[in-house]
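# Results of the structural survey
Below are the chains, spelled out letter by letter.
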Amino acid sequence: MKKILLIATGGTIASKKSENGLCPQIDAEEILAYVPKIREFCEPSAIQICNLDSTNMEPRHWKLMVETVQAHYEEYDGFVIAHGTDTMAYTAAALSYLIQNSAKPVVITGAQKSIDLEITDAKTNLLDSFLYAADDASQGVQIVFGGKVIAGTRAKKIRSKSYNAFESIDYPYLATVQDMRILRYIPMLPYKEPVRFFKNMNEKIFLVKLVPGISPKALGFLFAEYDCIIVESFGVGGIPASIADEFYRLYQEFPNTVVIMATQVAHEGSDMTVYEVGNRIKRECGILESYDMTLEAVVAKAMWMLGDGNAENIGPKEVFYRRVNYDIIFEPGREG
């Protein structure tokens, strides 16, 4: 039987009631004990690396997860990370860039209800995750949640309370898990290169969410203090007139600041060539854009790209548009 390591980080799945509300209190071994059926098809072990509400998850915790997987990579056939749902999509995206070409699956899961409750999704999600991690055809970084297997770069939490909390954005589910069976929709092609672990992420990333009538007052500080600014724009992407002049000026003053255009719209992505408000600034400033990437993937990829991801010094554009774990699909000529 496959040897699978549970890496517990906290989250709702591990929470109990406290004086001030739910908080993580259940440790890794106890989580595992709630689903004894797992031992029927694999040899599970458990380790606790932190015990956080995922609202408090930070890049240093992603690094800890990577270090844990790397340290135990030769001992185990797969890994299941128990995680809170609120930042799970960010973690899944980050690990997709920090753990690449892994022939062994790294599965991230959690729950909307604590595992110690009589009515909960936690036990099913954990069972499905171990089943997926123990399957010969599984590899890479995925979320398994609500019976869906989602590429780590494609997941987004779209419901705050329901059990079907996550969707795969603009990409099919890789598989579903039903009645202890894995139904695969996209075959896992063997990686051509060996597994790579990355450690360093540049955290000097700032996300600007546009609102109608936004003021340019903060732009000078952002360009001066951050290595990358992600603009979460309206629709297919553009810079509104209220900040356009200052934005152009600052882009010329700080040419080393990477600017990425994303969109507030969940589906179908950006395309700055459609409207004048986007086409002009992309042409004159060379802004990168997210296309069909999720915002979570854009944030994580920018951190990785400006950290260890550009060790070859080939330039942010080449690194950003390099496909990793299904994160981006181009139409011919769209990259500009």
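All residue numbers here refer to positions counted from 1 along the written sequence of the relevant chain. Totals for whole chains, interfaces and linings use all residues, but because this is a predicted model, local features are given only for residues with pLDDT of at least 70 and pairs of side-chain atoms are given and counted only at 80 or more. With hydrogens and water stripped out, all remaining heavy atoms of the structure feed into the side-chain values.

### Some points on the overall build of the chain
Helix and strand counts for the chain stand at nine helices and 18 strands. Radius of gyration here uses only the C-alpha atoms, and the compact-globule reference equals 2.2 Å multiplied by the residue count raised to the power 0.38. Taken against the 2.2 N^0.38 rule, which gives 20 Å for 336 residues, the C-alpha radius of gyration of the chain at 21 Å falls within 12% of a compact globule. Dimensions along the principal axes, computed over C-alpha positions, put the chain at roughly 65 × 50 × 30 Å. Exposure is judged per residue with a 1.4 Å probe applied to protein chains only, and the accessible area is read against the type maximum: over 50% gives exposed, under 20% gives buried, and values in between give partly exposed. Put simply, the chain has 336 residues, and 55% of those count as buried. Throughout, a residue-residue contact means that at least one pair of heavy atoms, one from each residue, lies within 4.5 Å. When contacts within the chain are restricted to residue pairs at least 6 apart in sequence, those whose partners lie at least 24 apart make up 71%. Using the Shrake-Rupley algorithm and a 1.4 Å probe, accessible areas are obtained, with residue cover drawn only from the displayed protein chains. Of the roughly 15000 Å² of accessible surface on the chain, 50% is carried by carbon and sulfur atoms. One finds the centroid of the 34 positive side-chain charges in the chain at a distance of 1 Å from the centroid of its 43 negative side-chain charges. Helical segments are the DSSP runs of H or I of at least four residues, strand segments are the runs of E of at least two, and each set is numbered from the N terminus. Counted as positive: Lys and Arg. Counted as negative: Asp and Glu, with His and the chain ends omitted from the count. Note that the charge is assigned to NZ on lysines, CZ on arginines, CG on aspartates and CD on glutamates.

### As for the pattern of salt bridges
Salt bridges are counted wherever a side-chain nitrogen of Lys or Arg sits within 4 Å of a carboxyl oxygen of Asp or Glu. Under the criterion given, the structure shown has 13 salt bridges. Here Arg184 ties to Asp135 by a salt bridge, and the two come within 3.0 Å at their closest N and O atoms. With Arg184 in strand β13 (residues 181–184) and Asp135 in the loop between α4 (122–133) and β8 (141–145), this pair connects stretches of sequence that are 49 residues apart. Of the residues examined, Arg184 reaches a relative accessible area of 26% and is grouped as partly exposed. Assessed through its relative accessible area of 27%, Asp135 is described here as partly exposed.

### Focus on the nonpolar core
For this analysis, a nonpolar core means a set of buried residues of the types Ala, Val, Leu, Ile, Met, Phe, Trp, Tyr and Cys, connected via side-chain atoms within 4.5 Å. Within the largest apolar cluster, 57 residues are counted, with the highest numbers of intra-cluster contacts made by Ile230 and Ile260. In terms of residue count, the dominant contributor to this core is helix α8 (residues 295–305) (nine residues). Not counting residues up to four positions away in its chain, the partners in contact with Ile230 are Ile205, Phe206, Leu207, Val208, Ile260, Ala262, Leu295, Val298, Val299 and Ala302. Ala8, Ala111, Ala134 and Ala175 belong to the second largest nonpolar core, which has 38 residues in total.

### Overview of the environment of Ala165
Within the secondary structure, Ala165 is located in the loop between β10 (155–157) and β11 (166–168). Look at Ala165 and you get buried, because its relative accessible area is 0%. Spatially, the C-alpha atom of Ala165 lies 33 Å from that of Ile287, the residues being 122 residues apart in sequence. Apart from the residues within four sequence positions on either side, Ala165 is in contact with Gln112, Phe145, Lys156, Lys157, Ile158 and Arg159.

### Thoughts on the pairing of strand β16 (residues 228–233)
Of all six residues in β16, six are buried, a share of seventy percent or more. Residues Cys228, Ile230 and Glu232 of β16 are buried on one face, and the alternating residues Ile229, Val231 and Ser233, pointing to the opposite face, are buried as well. When DSSP locates at least two bridges between a pair of strands, those strands are taken to pair. One ladder, built from five bridges, connects strand β15 (residues 205–209) with β16; its direction is parallel. Looking at β16, one finds that Val208 is bridged to Val231. Handedness rule for crossovers: strands pointing away from the viewer, path from the first strand over the helix to the second running clockwise, crossover right-handed. Handedness of the crossover joining β15 and β16 through helix α5 (residues 219–225) is recorded here as right-handed. In this sheet, strand β17 (residues 258–263) lies alongside β16 in parallel orientation, the contact comprising six bridges. Its bridge partner being in β17, Glu232 is matched across the sheet by Ala262. In this fold, the crossover linking β16 to β17 by way of helix α6 (residues 241–253) has right-handed handedness.

### Regarding a nonpolar patch on the surface
Within this analysis, patches are made of residues with over 30% relative accessible area and no salt bridge. Like charges are joined at 9 Å or less; nonpolar side chains (Val, Leu, Ile, Met, Phe, Trp, Tyr) at 5 Å or less. Taken together, Val274, Tyr275 and Val277 make up a surface patch of nonpolar side chains, about 300 Å² in accessible area. Within the element layout of this structure, Val277 appears in helix α7 (residues 276–285). Residue classification places Val277 among the partly exposed positions, given a relative accessible area of 48%.

### A look at the packing of helix α2 (residues 59–71) against helix α3 (residues 88–98)
Close contact between α2 and α3 brings their axes to 10 Å; oriented N to C, the two are set at 50°. When the interaxial angle is binned, α2 and α3 end up oblique. You can see that α2 and α3 cross each other, and the crossing is right-handed. For the pair formed by α2 and α3, the contact residues are Trp62, Met65 and Val66 on the first element and Tyr90, Thr91, Ala94, Leu95 and Leu98 on the second. A class-by-class count of the residues in the contact of α2 with α3 yields seven nonpolar, one polar and no charged. Throughout, an axis means a line fitted to C-alpha atoms (over the contacting stretch in the case of helices), and angles, computed between N-to-C directions, take values from 0 to 180 degrees. In these notes the angle categories are as follows: under 35 degrees is roughly parallel, over 145 is roughly antiparallel, 65 to 115 is roughly perpendicular, and the rest is oblique. What makes a crossing left-handed is the near helix being turned counterclockwise from the far one by less than a right angle; a clockwise turn instead makes it right-handed. Basically, the charged four are Asp, Glu, Lys and Arg, the nonpolar ten are Ala, Val, Leu, Ile, Met, Phe, Trp, Tyr, Cys and Pro, and anything else, Gly included, counts as polar.

### Comments concerning the sheet that holds strand β1 (residues 2–10)
As summarised here, the arrangement of the eight strands in space is β4-β1-β5-β7-β8-β9-β12-β13, forming an open sheet in which the pairing is mixed. Edge positions in the sheet fall to β4 (42–52) and β13, since each has one partner strand and no second. Geometrically, the sheet is characterised by an average inter-axis angle of 25° between neighbouring strands, direction not taken into account. With respect to the sheet, α2 is in contact with β1, β4, β5 (78–82) and β7 (106–109), its orientation differing from that of β4 by roughly 155°. Across the face of the sheet, α3 comes into contact with β5, β7 and β8 while running at roughly 155° to β8.

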